[in-house]
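Architecture and fold: a report
Here's the letter readout for the chains.
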Amino acid sequence: MRWWTAALSYVSGNVAWLRPHVEVLSRRRRTVAGAVAGTVLTVGLVCLVLPARYTATARLRVEPLASKAAPSSRDPDIPEEVSLLSSRVLVAEVIRQVGLDRNAEFVEGRRRVGWLEPATRAFKRLRKLTRRQTPAPQDDADSDARLLLQVPGGLIAKYRSWLDVTAAAGAIDVAFTSPSPTLSQQVANAHAAQYVRRRLGLRSQITGEPATFLEEEIDRVRGDLLAADDALAIFRGEHPDMALDGRQQALADQLRAVGQRLSEAEADRIAVESEQRLARSRHYDALPAIATNPRIQALRADAARLEARHAELRKSFLAASPEYHELSAQLRGVRGNLEREMLRATSAIESRLIVARGTETSLRNELRRTEAPLRGLDEITREAIELDEAAAHGRQLYDALRGRKQEADLLRGMQLSSALLLDPAALPTRAAEPHVLRDLVLALLAGLGLGALVALRQEARHARLETPDDVRRTLDLPPLGVVPDFSLLPRADDTALAAEVYRGVRTGLGFVDPERPPRSVVVTSSEPGEGKTATAVNLAIALAAIDRRVIVVDAALRDAAVHRAFGLPPAPGLTDVVRGATSLAAAVRTIDPATGHTATTASSGVVHLLPAGTPVTDPSAIFGSPRWHDVLRSLAERYETIVIDGPAVLTGVEATTLAATADAVLLVVRGHRTERPVVRRALARLGAAHARVIGVVLNGVNPGCSYYRSYAYPFAA
């Protein structure tokens, strides 16, 4: 495990925010190692048990159908093509074509089951048993799905579980995985070839008849253009010296301009007539009014989605369910809306045709009016102008019709996709499943992740401070002493053991700063009930035992408890001295720890006590007053050590005010109970007040903990 420790040390040293987590993983490395070993061993056994499977992949190229003259720049809808390649109808066709229903390797092979597949199948079976059987509706919504009844649904489901269709770098990969390499190659190629055949059939169905009328008109205009060009060439051969003067050339230019407008109008009329024929023959996919209508495209998408779901319910034997009936009604409604939208979109074609014919008639009349001045010209000049105008008109009309044809081809290319088999599937030579090396690496990573989660979870469940090592790591503070839970000891009344424990706290306090030990120490805790009062009193007794002149100040004004430890009244005390109601000398009591009674003389080993005094409503005003600082200075002049029993940090603001006025703060933490975030919040408050926290006393620990037995603590069981 040296590499593990070295890696954790490197990460913790270079990434500060990961340091706490890395320390947890380092401490619980056995948990992480166990998770890794278990995961890798399980995956290795599974790899040995699973049968070998072979994957063959065929690659398809799907691109728009556009004319050569006007190629389309729009990419095909790859997700839709992937969905079509995975459709149940195409799968059924391949099963029938290849004869997989009679192939033993396919029929007897196991499905590739996902994590949720068993639960899904069980839910479907339960739903089938609980649903009431009703006759299936007889409508045309499932007419296409009836074709699937020739192939068992279980074979289709197995086929689709072995099929993987993915888009990759402008192409689509069709992969088939089975226990036989020959079967995988055969089915992958058959699936890709069947898809190409379906696409070619759909292409010839839609791109055949719609272009017939427009192409016939182009052929007619081309013939007229050739005849006009031939007549113009013959005339120029007979009259090579023919030239027009300025007035005649202006008339010819005017006729050419009107003729160009007439050519555009005639081309528009022919294009609209072509759309009219398409609409009457219900070839809607080639109509611009359909292709560019977002409402129709949205309805088509909804219809495709509902049809796919409808077919799935039909094949899942849920045709009697209310969901199936509701879906059938929705499908009929969407189809009706789609039909109405198409009729509405095509109804404007008749109006456009009337307008186009009117525009063409108007321009022909204008052309005849423009040709009127030709009667005043001589016969040769008039013939030259008429032949030139006829040739120009034919050329302009031909170019305009070719432009309309290219637009129609581009439109159909945007609606369809052409599929091409780029790379047939090769015979696989190596098993694709199980991939032992990959699976073991993934198992290693998964085991590391799982082990880390378990380790962090265990650490979260033990988010309490239990040992001095926890104090050092979590709080970055020295543990000055460990006090057991005396109720768990067999000798709970052994005062010698208690004295020994608090002498250890006294020793730890002396090691904080031997040259300049703190004169005033606030003993506090994060929350009430952690043992700060007992720690303050016993620490003072331990200091008095070495002949130090020590006084205990009860500064927990909200819940004073020091006077109860000695059986004394709370007043007069600290609050009375600060408010000037009594003198400091009159408020201080002298206690003999051996007897617990008030001592009349200040002999060695006695403890002096300044009780809390008369209760006040605002303790923070006491510690924020100048009189408190005067009292603290007076006590520092009379006593070597001042032990102040302060309030809990998180219960009021006076704790931080009090801690800021003392030389040091000693934090008491209840072992096995106080959570680490609570202690961190208390330390944050003390840090904000610039209080000097010198260490932690771990109180109430479990004496039976293995940590303390290992280090031979005096209270260890």
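None of these values were measured; they are calculated from a predicted model.

A few points about the overall build of the protein chain
Broken down by element type, the protein chain carries 28 helices and 13 strands. Counting every position in the protein chain, which comprises 717 residues, the buried fraction comes to 43%. In the protein chain, of all internal contacts separated by at least 6 residues, the share reaching a separation of at least 24 is 80%. For the protein chain, the accessible surface area stands at approximately 37,300 Å², while carbon and sulfur atoms represent 54% of it.

Thoughts on helix 5 (residues 88-98)
Where burial is concerned, most of helix 5 is hidden: eight out of the eleven residues are buried. Regarding helix 5, the residues found buried are Arg 88, Leu 90, Val 91, Ala 92, Glu 93, Val 94, Ile 95 and Val 98. Note on helix 5: the residue one or two positions beyond its end, Gly 99, has a positive phi of about 75°.

Structural notes on a nonpolar patch on the surface
The grouping of Leu 41, Leu 45, Leu 48 and Val 49 at the surface amounts to a nonpolar patch, some 470 Å² of accessible area in total. Within the fold, Leu 41 resides in helix 3 (residues 29-49).

Thoughts on the packing of aromatic side chains
Scanning the model with the defined rule gives five aromatic pairs in all. Centre to centre, the rings of Phe 106 and Tyr 159 are 6.3 Å apart; their planes meet at 70°, and the pair counts as edge-to-face. Separated by 53 residues along the polypeptide, Phe 106 in helix 6 (residues 104-107) and Tyr 159 in helix 8 (residues 153-162) bring together distant segments of the chain. The pair formed by Phe 106 and Tyr 159 is uniform in burial state, with each residue classed as buried. Grouped by ring-pair contacts, the aromatic residues Phe 106, Tyr 159, Trp 162 and Phe 176 constitute a single cluster.

Some thoughts on the pairing of strand 6 (residues 520-525)
With six of six residues buried, strand 6 lies mostly within the body of the structure. Side chains of strand 6 alternate between two faces, with Ser 520, Val 522 and Thr 524 and Val 521, Val 523 and Ser 525 buried alike. Sheet topology places strand 6 next to strand 11 (residues 641-645); four bridges connect them, and they run parallel. What sits directly across from Val 522, in strand 11, is Ile 644. Bridge analysis of strand 6 against strand 12 (residues 664-670) gives five bridges, and the strand direction is parallel. Paired with Ser 525 across the bridge in strand 12 is Val 668.

Focus on the packing of helix 19 (residues 495-510) against helix 20 (residues 532-544)
Remark: helix 19 packs on helix 20, axes separated minimally by 9 Å, with the N-to-C direction vectors making an angle of 80°. Viewed along their axes, helix 19 and helix 20 adopt a mutual orientation that is roughly perpendicular. Across the interface between the two elements, Tyr 502, Arg 503, Val 505, Arg 506 and Leu 509 of helix 19 pack against Ala 534, Thr 535, Asn 538, Leu 539, Ala 542 and Leu 543 of helix 20. Of the residues that constitute the contact of helix 19 with helix 20, the class distribution is seven nonpolar, two polar and two charged.

As for the pattern of salt bridges
As enumerated under the stated definition, the model contains 25 salt bridges in all. The partner of Asp 645 in a salt bridge is Lys 532, with the nearest N and O atoms 3.2 Å apart. One end of the pair, Asp 645, is in strand 11; the other, Lys 532, is in helix 20, with 113 residues separating them in the sequence. Neither Asp 645 nor Lys 532 differs from the other in exposure class; each is buried. Here the salt bridges do not stand alone but share partners, grouping Glu 266, Arg 269, Glu 273, Arg 357, Glu 360 and Arg 364 into one network.

Quick word on helix 20
Here helix 20 is 13 residues long and its end C-alpha atoms lie 18 Å apart, about the 18 Å a rise of 1.5 Å per residue gives. Taken across its 13 residues, helix 20 has ten buried, putting it largely inside the fold. Every buried residue of helix 20 is accounted for by Lys 532, Thr 533, Thr 535, Ala 536, Val 537, Leu 539, Ala 540, Ala 542, Leu 543 and Ala 544.

Focus on the environment of Ser 604
In this fold, Ser 604 is placed in the loop between strand 9 (597-598) and strand 10 (607-610). When its relative accessible area of 60% is taken as the criterion, Ser 604 is described as exposed. When the C-alpha positions of Ser 604 and Ala 544 are compared, they lie 7.5 Å apart, and in sequence the two are 60 residues distant.

Reading the values: the criteria
Residues numbered from 1 in each chain as written. Predicted model: local features only at pLDDT ≥ 70, side-chain atom pairs only at ≥ 80, totals over all residues. Heavy atoms only, no water. Helix = DSSP H or I, 4+ residues; strand = E, 2+ residues; numbered from the N terminus. Buried < 20%, exposed > 50% of the residue type's maximum accessible area, 1.4 Å probe, protein only. Contact = heavy atoms within 4.5 Å. Areas by Shrake-Rupley, 256 points an atom, 1.4 Å probe, with all protein chains shown as cover. Patch = residues over 30% accessible without salt bridge, like charges linked within 9 Å, V, L, I, M, F, W, Y side chains within 5 Å. Salt bridge = Lys/Arg side-chain N within 4 Å of Asp/Glu carboxyl O. Phe/Tyr/Trp six-rings, centres within 6.5 Å; stacked < 30°, edge-to-face > 60°. Pairing = 2+ DSSP bridges. Axes fitted to C-alpha atoms, helices over the stretch in contact; angles between N-to-C directions. Parallel < 35°, antiparallel > 145°, perpendicular 65-115°, else oblique. Nonpolar A, V, L, I, M, F, W, Y, C, P; charged D, E, K, R; others polar. Expected span 1.5 Å × (residues − 1).

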